[in-house]
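A closer look at the structure
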Amino acid sequence: MSKISLQVNGQAVSGDVDGSTRLLDFVRDSLELTGTKEGCAVGECGACTVILNGDAVCSCLVLAAQCDNATVTTVEGLASDSLGRELQTAFVEHGGVQCGFCTPGVLMSAKALLDKNPKPSDEELLDALEGNICRCTGYQPILQSLRAVIDK
């Protein structure tokens, strides 16, 4: 076991983790932030995407022990961020949410991109979302939701 300390959604947190504890497990089980979803467990679906030190990452592929002194934002952290709230509102208004399982990961991928590049091209937007699988929307409502925020 090792002790880690990190910032999660702007709050200092710490915990004991063993060498096999994934960031996903730490966030969901230890911190009870269950908005981050486990889909495939192998980094293919993007449902578990969080922002780690400014980059969108699949939390199922990151060991919690690697996150000592890191900054993590989960979907719950979007509520205290103006861009995060805009993204969430746009998803509701433009039908970017259907079953909702992929939504947290898509929002986090989009937020990481827009934090770095507020006016991405369509190609940059598609590249940022490439790792997020959605089986419900056909992606067009997701893209319309994101464009509503980007083009305002």
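Just above, that's the structure.
Cut-off values and rules
- Residues numbered from 1 in each chain as written.
- Predicted model: local features only at pLDDT ≥ 70, side-chain atom pairs only at ≥ 80, totals over all residues.
- Heavy atoms only, no water.
- Patch = residues over 30% accessible without salt bridge, like charges linked within 9 Å, V, L, I, M, F, W, Y side chains within 5 Å.
- Areas by Shrake-Rupley, 256 points an atom, 1.4 Å probe, with all protein chains shown as cover.
- Salt bridge = Lys/Arg side-chain N within 4 Å of Asp/Glu carboxyl O.
- Lys, Arg positive; Asp, Glu negative; His and termini not counted.
- Charge placed at Lys NZ, Arg CZ, Asp CG, Glu CD.
- Helix = DSSP H or I, 4+ residues; strand = E, 2+ residues; numbered from the N terminus.
- Buried < 20%, exposed > 50% of the residue type's maximum accessible area, 1.4 Å probe, protein only.
- Pairing = 2+ DSSP bridges.
- Axes fitted to C-alpha atoms, helices over the stretch in contact; angles between N-to-C directions.
- Contact = heavy atoms within 4.5 Å.

1. Some points on a negative patch on the surface
A cluster of like negative charges, contributed by Glu123, Glu124, Asp127 and Glu130, occupies part of the molecular surface. Within the secondary structure layout, Glu123 lies in helix 4 (residues 122-129). In this structure Glu123 comes out as exposed when scored by relative accessible area, which is 58%.

2. Some thoughts on the sheet that holds strand 4 (residues 55-58)
Read from one edge of the open sheet, five strands run 2-1-5-3-4, paired in mixed fashion. A strand with exactly one partner marks an edge of an open sheet, and here the two such strands are strand 2 (11-17) and strand 4. Each adjacent strand pair in this sheet contributes to an overall mean axis angle of 40°, direction not counted. The pairing of strand 1 (residues 2-8) with strand 5 (residues 71-73) spans two bridges and is parallel. Across the sheet, Val8 pairs through a bridge with Val72, a residue of strand 5. The strands that helix 1 (residues 23-30) touches are strand 1, strand 2, strand 3 (49-52) and strand 5; relative to strand 2, the one it contacts most, it runs at about 110°.

3. With respect to the pairing of strand 4
Relative to strand 4, strand 3 runs antiparallel, the two being bridged by four bridges. Within strand 4, the position partnered with Ile51 by the bridge is Ala56.

4. Points about helix 1
For helix 1, every residue scored as buried is listed here: Leu23, Leu24, Phe26 and Val27. In this structure, the buried residues of helix 1 make contact with strand 1, strand 2, strand 3 and strand 5. Backbone geometry just after helix 1 places Glu32 at a positive phi near 60°.

5. Re the pattern of salt bridges
A side chain with one charge can pair with a side chain of the opposite charge if their charged atoms come near. Enumeration according to the criterion identifies eight salt bridges in this entry. Note that Lys111 and Asp115 form a salt bridge whose closest N and O atoms lie 2.7 Å from each other. Of the two residues, Lys111 and Asp115 are both situated in helix 3 (residues 103-116); the distance of four residues between them amounts to about one turn of the helix. Lys111 sits in the buried class, given a relative accessible area of 7%.

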